[in-house]
Structure formats: structure tokens, C-alpha cells
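# Descriptive analysis of the structure
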Amino acid sequence: MTKATSPWLDVESRPEHAPLAGDSRTEVAVVGAGIAGLATALLLAEAGRQVTVVEMDRVGAGATGYTTAKVSSQHGMIYDGLISKHGEEKARAYAEANEAALALIAGWVEERSIECAWRRRPAFAYVLSDGQRKHAANEAEAAARLGLPASLVHETPLPYPVSAAVRFDDQAEFDAYLFVAGLARELVAAGGTIAERTRATGLGEGSPNRLETDRGTLTADHVVVASHYPFLDRALVFPRASAQRSYSIAVRIGGEPPEGMFISAEGPTRSIRAAPRDGGELLLVGGEGHKVGQGGRSRERYHRLEEFAREHWEVGSTDYRWSTQDAVPADGMPLFGRLTPRSKTAWMATGFAKWGMTNGVAAAMVLSDAIGGRENPWAATFDPSRLRTRASAPSLVKENLNVGLHFVGDRVRDLHPGSLDELAPGEGGIVSHEGETVAAYRRPDGTVSAVSPTCTHLWCRLRFNDAERSWDCPCHGSRFDVDGAVIEGPAVRDLERKL
Ligand code: FES
């Protein structure tokens, strides 16, 4: 039986943290109890700040719980491109920040005895075609020049030949949930507070800031929005970083899995690593990324990952399958810094481009320094205000055009909605019901749930996701369950129930 979750979140029990108990005051409010929010909170709490983390769900239940949990500064073959796009100095800052994050995570795990299946592994980004050899050679040269532990190789532990690969030594992998649960424990021990099931709904910036939540107002000297995709439009992240979904499976295989972490640098992307489980090893295979709400039938994506695994390994069973969502910045550089250029005490971290383990902790280092009034050597590189520069203009225009096309095109498509009767059990669609256009889902037992088909963020039309049984927004990636409850922001309001 395949479980529809990640192996990290398949645990018997998770420590509970009470919701926010009404209006309260803190020095630093952090939105989001994933790796970036908890790491930021821990650094600040251990520096003597009073910190409160608010989380709409549970600790680690957002993007962090659904990552493949590679702890590496190798993020595919990006460094040659980063140098071309941003110059060597900024590419070096990215490399250094991520290596420093890897070292900080290793220090936390080892010195505080966080049990999280931590182990050192080399990371490989590979190409299969000979035409891409030069690309790999350039990447190895660029990464080594930036001080990363990179080399060009032509053999890997994979069971199929590669044309070339960039190998990074001394990288690591772990269990993402056990790690953030460890951070949460450390945070509470340092005097911090975690409020689960507390959804941030608005922010009044000022002195102090007023963070509105569905459990009361949290007044704070500083606010850090580390909720993956900021829930606030004023940060203007939405046109600058696209929301992308990607998929993973965990399979049992005959024989030993390859020792290392792997990612293909040509399409289709395949991300591979092993993870210890129940005295054996699971093989994790990920890939099939696409923009949220724009990828066609999601179920087929899992099939393609399974086919790939079966082609190269003797697969006994598929134990887990899951998908996740990431904010991918148009210019390839994450965004950590002031929420807006005018913000004085409101901060954000987003745009980790699927590499949130080290980018999230790098963000924590940059933001805790900013709040502590310390210089940080990488802050300028990740500063979100860079997105207002001319260099970012072409990708911004493209992203805005994409959103505009969906805003208009999807409405035109929905001028002729289908009928409720056409929906088979397990199917969802935009249909007409009593003269109104609704987003309807027919449950396996035949009953129907219908909600407004319009995203509560900025009113784009939603699309049905057949694998997750959710309504996904193609504009900025909000997701809702079939009864209309927000699963993933930036939307903060549920969909109106129609049936
Ligand atoms: Fe922005 Fe839906 S997420 S319009």
C-alpha cells in the first residue's frame, strides 16, 4: 500500500504546540515553522531575543516536510549560470552562504545530538548526453573557482552510465522532519514559543508591528515572514518568483541503493537519494516539476517516476509518494531581507528554488544578523529589492504575462462550463450548477462538494489537481482542499462553499 505522504512525516506522534492564546506581545514574531523560520527563531532566541513562531499547520508540515532533504550546496548545475547572470562576487556569496549553512546544520546535529539520520554523502549533478559534457566541465570549473568542493568525474555509483558529472564532496542528507523537530525542541529550551494551528492573515507594519492571526494579534518589534511564499502582496514576490510543484516517490529495491545524492542536469529532471527506514533503505526518486496549476494530469507524473525507477532498479514496492511546492525566483537568487524597500523591521525569506535545506538556513543567518544589527557578508546578494533593477525586467515581464494569460484565458475557457452530471467519482471540474459556475468535486461515494472557482488571493481561476485532489491556482500557486480550505498560500481566505 503506497502512503500519500513523505517518509519524514510518517511518524507515530509529533509533539504538540498550543495555538496562540489570543492577543500577545513578543520581541520577534516569525511566520512559518519550517526550516527557515525555526532556524531564524533559534539563532535569535539563543542571542537572547524573545521569539514567537506562528505556524498555520504543524512544525515541519509545509515544504520542509516534503523535501528530499539533501543538505548540499550543489543545487543542480547552477554556478556557471549564476556567474554569468550575477557576476562572480554574488555567485561566490551564494556558494559561501550555502556551505556555511551546511556547516551550521552539521554543527547543530552533532553538538546537540539531534537524531535525524544524518550522514555525509557526495552529491553528483550529471548529464547523460555527450553534447552536454562541456556544460558539466564548465560547471565543475566554475564551482571549484568559487571555492566549492567540486570536481569533474565520468563515473558515479548510479547503475547506468553518465557522460559526465560534477561531484561535490562532504555533503549530507538527513530526515527533514526529525531535524526540524530537533530545532523546535532547542528553540523551546532557549525560551522560544511555537504556536501551531495559528494562521497569519495580515501585517500592520510599524513600531511595533501588528501581526494579525486567526487566534489574535501578535504585537512584535520585528516580524519575519518565512512562510515559504509570503502571504503579503506588498512584498511583490508573486510576479518575481513562480510557484512550482514537483513529485517524489520512495521505493524498496532489491540490492543496495547507490551511495550518494544525484540529480540530472538535463530534462527530465531526476533527483535520487537513499534514506534509511525500518532497518533497510528506501530509494527516493523525484522530478516532474511544473508550474502550479499548469501541469496537466498529476497522477501520470508519479507513473513516470516509477517507470524510471523500474528501468534502473529492481523495485519491490512503492511505499510513499508525495508532492511539494516551491517558490522559484526568476533570476535564480533567493530572496532574504526587508519585506519591502521601506520596511524597517519586517523581513522575509523565500525563493529557495527547491533547495530549502541550506538556503533556508542561509536565510536564517542573514536575517538574524539583520535583526541583531550585525553586518552580513551575503545580505546584499539576497536582498529582495534587487528585483526592481533592470536586469530582472525580462523575467518579470514574462512572469506577469503568464499570470495575465491565465487570468483572462481561464475565464474564457470557463464561459462554457461542463455539467455536474458529467463528473465521475474522484473527478473534479469547473461546472455549472443552478446557473452559477462552480468548482465541483465528486467524492468516491458519489456525493459532491462545490466551492467558488476563483482564488481568494488575486482572483485567478482554479484548476483541479487529480493526484492531490485539490484546487490549485495557476497564477501564484495557492492551493485549496475540495471543501475550500486553504492548504497553501499566498491566499489566506478559504473558498466560499457552494454545495
Ligand atoms: Fe494569486 Fe491565486 S495565488 S491569484
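In short, a report on the structure. Given the structure is predicted, the values throughout are model-derived calculations rather than measurements.

### Notes on the nonpolar core
Ranked by internal contacts, the top residues of the largest apolar core, which has 87 residues, are Leu 38, Tyr 79, Trp 118, Phe 174, Phe 179 and Phe 336. The biggest single contributor to this core is helix α3 (residues 88-111), with 11 residues. If we ignore the near neighbours within four places in the chain, the residues touching Leu 38 are Gly 32, Ala 33, Val 59, Val 180, Leu 183, Ala 184, Leu 187 and Ile 194.

### Thoughts on the state of the cysteines
On inspection of all chains with the given rule, the structure shows one disulfide. In this model Cys 460 forms its disulfide with Cys 475; the gap between the sulfur atoms is 1.9 Å. The sign of the -80 degrees torsion about the S-S bond sets the Cys 460-Cys 475 disulfide as left-handed. A residue pair is termed long-range when its members are at least 10 positions apart, and Cys 460 in the loop between β21 (448-451) and β22 (463-465) and Cys 475 in the loop between β23 (470-472) and β24 (479-481) qualify at 15 residues. The class of Cys 475 is buried, set by a relative accessible area of 5%.

### Some remarks on the sheet that holds strand β18 (residues 418-419)
The strand order β18-β19-β20-β21 describes an open sheet built from four strands, whose pairing is mixed. Looking at the sheet topology across the chains shown, the edges are occupied by β18 and β21. The pairing of β18 with strand β19 (residues 428-433) spans two bridges and is parallel. Residue pairing across strands places Gly 418 opposite Val 431, the latter belonging to β19.

### Structural notes on the environment of Trp 378
Looking at the element boundaries, Trp 378 is found in the loop between α7 (356-372) and α8 (379-382). With relative accessibility at 11%, the residue Trp 378 sits in the buried group. Separated by 42 residues in the primary sequence, Trp 378 and Phe 336 have C-alpha atoms spaced 9.8 Å apart. Once residues lying within four places of it in the same chain are set aside, the contact partners of Trp 378 are Ala 93, Glu 96, Ala 97, Ala 100, Met 365 and Val 366.

### Description of the packing of helix α2 (residues 79-86) against helix α4 (residues 133-145)
In the contact formed by α2 and α4, the axes pass within 7 Å of each other and the chain directions differ by 70 degrees. Between α2 and α4, the crossing angle belongs to the class labelled roughly perpendicular. Across from Tyr 79, Asp 80 and Ile 83 in α2, the residues of α4 making contact are Asn 138, Glu 139, Ala 142, Ala 143 and Arg 145. Looking at the contact of α2 with α4 residue by residue, the classes come out as four nonpolar, one polar and three charged.

### Notes on the pattern of salt bridges
Counted under the stated rule, the structure contains 33 salt bridges. Salt-bridge contacts for Glu 173 lead to Arg 121; the nearest nitrogen and oxygen are separated by 3.9 Å. Of this pair, Glu 173 sits in strand β6 (residues 164-173) while Arg 121 sits in strand β4 (residues 119-127), and the two are 52 residues apart along the sequence. Like Glu 173, the residue Arg 121 is buried in the burial classification. The structure contains a network of salt bridges with shared partners spanning Arg 119, Arg 121, Glu 173, Arg 273 and Glu 281.

### Focus: unusual backbone geometry
Along the chain, Gly 267 connects to Pro 268 via a cis peptide bond; the corresponding omega equals -10 degrees. In this fold, Pro 268 is placed in the loop between β12 (261-264) and β13 (270-277). The omega torsion of the bond from Gly 489 to Pro 490 falls at 20 degrees, within 30 degrees of zero and hence cis. Mapped onto the elements, Pro 490 comes out in the segment after β25 (486-488). Positive phi is not limited to glycine here, since Asp 170 has a value of about 65 degrees. Among the structural elements, Asp 170 can be located in strand β6. Not every positive phi belongs to a glycine, and Asp 278 is a case in point at roughly 50 degrees. Mapping Asp 278 onto the fold places it in the loop between β13 and β14 (280-291).

### Examining the environment of Ile 114
Looking at the secondary structure, you find Ile 114 in the loop between α3 and β4. With 111 residues separating them in the primary sequence, Ile 114 and Lys 3 have C-alpha atoms 26 Å apart. Dropping the residues within four chain positions of it, Ile 114 is found in contact with Trp 108, Val 109, Leu 178, Phe 179, Gly 182 and Leu 183.

### Digging into the packing of helix α1 (residues 35-46) against helix α5 (residues 176-189)
Relative to each other, α1 and α5 sit at 25 degrees, their axes nearing to 9 Å. Classified by the angle their axes make, α1 and α5 are roughly parallel. The chirality of how α1 crosses α5 is left-handed. Between α1 and α5, the residues in contact are Ile 35, Leu 38, Ala 39, Ala 41, Leu 42, Ala 45 and Glu 46 and Phe 179, Val 180, Leu 183, Ala 184, Glu 186 and Leu 187, respectively. Here the contact of α1 with α5 is composed, by residue class, of 11 nonpolar, no polar and two charged.

### Overview of α1
In an α-helix, one turn spans 3.6 residues, which is why side chains three or four residues apart end up on the same side. For α1, spanning 12 residues, the distance from its first C-alpha to its last is 16 Å, which sits close to the expected 16 Å at 1.5 Å a residue. Counting buried positions along α1 gives 10 out of 12 residues, so the element sits mostly inside the fold. Turning to α1, its buried residues are Ile 35, Ala 36, Gly 37, Leu 38, Ala 39, Thr 40, Ala 41, Leu 42, Leu 44 and Ala 45.

### Focus: the sheet that holds β24
Strand order in the open sheet made by the four strands is β22-β23-β24-β25, with antiparallel pairing throughout. The open sheet terminates on both sides in strands that have one partner only, identified here as β22 and β25. Neighbour-to-neighbour, the strand axes of the sheet open up by a mean angle of 35 degrees, direction not taken into account. The pairing of β22 with β23 spans three bridges and is antiparallel. Bridged to Arg 463 within β23 is Asp 472.

Cut-offs used in this document
- Residues numbered from 1 in each chain as written.
- Predicted model: local features only at pLDDT ≥ 70, side-chain atom pairs only at ≥ 80, totals over all residues.
- Heavy atoms only, no water.
- Core = buried A, V, L, I, M, F, W, Y, C linked by side-chain atoms within 4.5 Å.
- Buried < 20%, exposed > 50% of the residue type's maximum accessible area, 1.4 Å probe, protein only.
- Helix = DSSP H or I, 4+ residues; strand = E, 2+ residues; numbered from the N terminus.
- Contact = heavy atoms within 4.5 Å.
- Disulfide = S-S within 2.5 Å.
- Pairing = 2+ DSSP bridges.
- Axes fitted to C-alpha atoms, helices over the stretch in contact; angles between N-to-C directions.
- Parallel < 35°, antiparallel > 145°, perpendicular 65-115°, else oblique.
- Nonpolar A, V, L, I, M, F, W, Y, C, P; charged D, E, K, R; others polar.
- Salt bridge = Lys/Arg side-chain N within 4 Å of Asp/Glu carboxyl O.
- Left-handed = near helix turned anticlockwise from the far one by under 90°.
- Expected span 1.5 Å × (residues − 1).

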